[in-house]
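What the coordinates show
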Amino acid sequence: MKMAMQQVSNNCFAVLCEKNRVCDANSGFINRAGGVVIDTQSDLPHARQMIKLFGKVWRGMPTRIINTHEDGDHVWGNQLFEGAEIIAHRSVPERMKHVANPEEIQKMLHGVADLPTRQALQSAHPGLVAAGLQLREDYNFDGIELVLPTTVFDTCYELDLDGTEVHLIYVGPCHQVGDTIIHVPNERVVFTGDVIFRQGTPMGWVGTYAKWFQCLDLILQLNPEVIVPGHGPLCGIEGVVEMKAYLQYVRDESRKCFDEGLSALEAAKRIELGPYGEWRAPARLYMNVERAYREFRNDAPDAPWDHAAVFDAVYQVAKARGIEVEY
Ligand SMILES: [Zn+2]
């Protein structure tokens, strides 16, 4: 478990999961008025470690949580904050029941741990096996119980933490339905959740490229000094600019491949990685191509994903390119 705490501004802190692979999500903390934790990690051991690290600066367990969106890697530690108010966008409680139900991932990790099951899965779903084995290196999803948000909002929500204003701004759906960014204007800090992946290939689920660009432009307008991304190291606005350039590049290249009649998988094998080959898990490119294709085909924006198929496609892209299989 490679986790570290960094002070971001006077009262803002971050715990960063430094491997920056799938599920390695960051958490934030605002050390005012009883304390606010932003996102609660992917499993109970990581959540406990996060609590320990932030515990160096807070005076007692924080009374408020914000979930930036509904994905499991941001909400699965909620249960450790007993009695806390949990704030999120109105869509999040219902969405969490579907996308953050821990059973699927528990089954996956137990499946790959069992040799006969793993061997049976290997030929049909090599990517699922690879992803499960990678996750087992760092994660144990046992014991997770979903604890849903208790306070929901629609477009904006403001907190006054003993005079420090905190603005929650709904920006979804761009990476997921409930996407919310948290702006602390006095300290020029934005906690972005997964609308920014830093030095790692973004994984987007529900939403449009147009909406994602709008959100990134909004962050630029807020002109923060420090950004705590959902995944990856801290950055300034260069992190926003790079994210936007990546998404624009992938959407444009996907359009060319789509017009040529290539499948999303073929496109993801062919599109030049350029500088993005240096980011974590570059073969996750497949997901961003598939999202572009969904838009080009006018699919329903919330069309579900088959996770095993996604892991397998990423596996095939990595193999075709001769790069490490990494999620
Ligand atoms: Zn995430």
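Below, the structure is looked at part by part. Remember, it's a predicted structure, so these values are computed and weren't measured experimentally.

A few words on the overall build of the protein chain. Assigned secondary structure in the protein chain consists of 11 helices and 12 strands. Relative to the 2.2 N^0.38 estimate, which gives 20 Å for 327 residues, the radius of gyration of the protein chain is 19 Å and therefore close to what a compact globule would have. Overall size of the protein chain, expressed as C-alpha extent along the three principal axes, is 55 × 45 × 30 Å. Per-residue burial over the protein chain gives 57% buried out of 327 residues. Averaging the coordinates of the 31 positive side-chain charges in the protein chain and doing the same for the 44 negative ones gives two points 3 Å apart.

What follows concerns the pattern of salt bridges. Under the criterion given, the structure shown has 20 salt bridges. In this structure, the salt-bridge partner of R21 is E137, at a minimum N-O distance of 2.9 Å. Taken together, the positions of R21 in the loop between β2 (12-17) and β3 (27-30) and E137 in helix α6 (residues 126-138) put the pair 116 residues apart, joining distant regions of the chain. On the basis of relative accessibility, which here comes to 54%, the residue E137 falls in the exposed class. As a salt-bridge pair, D259 and R255 come within 3.0 Å of each other at their nearest N and O atoms. Pair noted here: D259 and R255 are both in helix α8 (residues 237-259), with a separation of four residues, about one helical turn. Classification of D259 by relative accessible area gives exposed; the value is 53%. In the salt-bridge network here, residues are joined through shared partners; they are K19, R21, E137 and D138.

Looking at the zinc ion, the protein donor atoms are D73 (OD), H74 (NE2), D194 (OD) and H231 (NE2), and they sit 2.0 to 2.2 Å from it. Metal-centred angles of 89 to 166° between the four donor atoms at the zinc ion mark the site as irregular. Relative accessible area serves as the criterion here: at 0%, H74 is assigned to the buried category.

Counting residues in each nonpolar core, the largest one holds 69 residues, and the members touching the most others are L135, F141, V195, I219 and V289. Element by element, the count of residues in this core is highest for helix α11 (residues 307-321), at eight residues. Apart from residues no more than four positions distant in its own chain, F141 is found in contact with C23, S42, D43, W76, I105, Q106, L109 and L135. F153, L159, F191 and V228 belong to the second largest nonpolar core, which has 20 residues in total.

Moving on: the sheet that holds strand β12 (residues 226-231). Within a sheet, each strand pairs with its neighbour through backbone hydrogen bonds, oriented either parallel or antiparallel. With respect to topology, five strands assemble into an open sheet ordered β8-β9-β10-β11-β12, the strand pairing being mixed. Each of the sheet's edge strands pairs with one partner strand only, and the pair in question is β8 (156-161) and β12. Each strand of the sheet is rotated relative to its neighbour by a mean of 25°, with strand direction disregarded. Packed on one face of the sheet, helix α7 (residues 209-222) meets β9 (164-170), β10 (180-184), β11 (189-197) and β12 and runs near 160° to β11. Of the strands in this sheet, β11 and β12 are in contact with α8, which crosses β11 at around 20°.

A word on the sheet that holds β3. Within the open sheet, the seven strands sit side by side as β1-β2-β3-β4-β5-β6-β7. Their pairing is mixed. Where the open sheet ends on each side, the last strands, each with one partner, are β1 (3-7) and β7 (151-153). Taken over all neighbouring pairs, the strand axes of this sheet differ in orientation by 20° on average, direction set aside. Strand direction decides the pairing type here: strand β6 (residues 85-89) and β7, joined by three bridges, are parallel.

A cis geometry characterises the amide bond from G172 onward to P173, with omega recorded as -10°. Unlike most non-glycine residues, D162 shows phi in positive territory, near 50°. Relative to the elements of secondary structure, D162 occurs in the loop between β8 and β9.

Turning our attention to the environment of L109. Topologically, L109 is positioned in helix α4 (residues 103-113). Residues L109 and L128, 19 residues apart in the sequence, show an inter-C-alpha distance of 9.7 Å.

For the rest of this paragraph, the subject is α4. Along α4, the positions that sit buried rather than exposed are I105, Q106, M108, L109, G111 and V112. Elements in contact with the buried residues of α4: α5 (115-124), α6 and α11.

How each quantity is defined
Residues numbered from 1 in each chain as written. Predicted model: local features only at pLDDT ≥ 70, side-chain atom pairs only at ≥ 80, totals over all residues. Heavy atoms only, no water. Helix = DSSP H or I, 4+ residues; strand = E, 2+ residues; numbered from the N terminus. Rg over C-alpha atoms; globule rule 2.2 N^0.38 Å. Buried < 20%, exposed > 50% of the residue type's maximum accessible area, 1.4 Å probe, protein only. Lys, Arg positive; Asp, Glu negative; His and termini not counted. Charge placed at Lys NZ, Arg CZ, Asp CG, Glu CD. Salt bridge = Lys/Arg side-chain N within 4 Å of Asp/Glu carboxyl O. Donors = N, O, S within 2.8 Å, 3.2 Å for Na, K, Ca; no water. Tetrahedral: all angles 85-135°; square planar, octahedral: opposite > 155°, others 65-115°. Core = buried A, V, L, I, M, F, W, Y, C linked by side-chain atoms within 4.5 Å. Contact = heavy atoms within 4.5 Å. Pairing = 2+ DSSP bridges. Axes fitted to C-alpha atoms, helices over the stretch in contact; angles between N-to-C directions.

It is worth stressing that arrangement in space is one thing and function is another; only the former is reported here.
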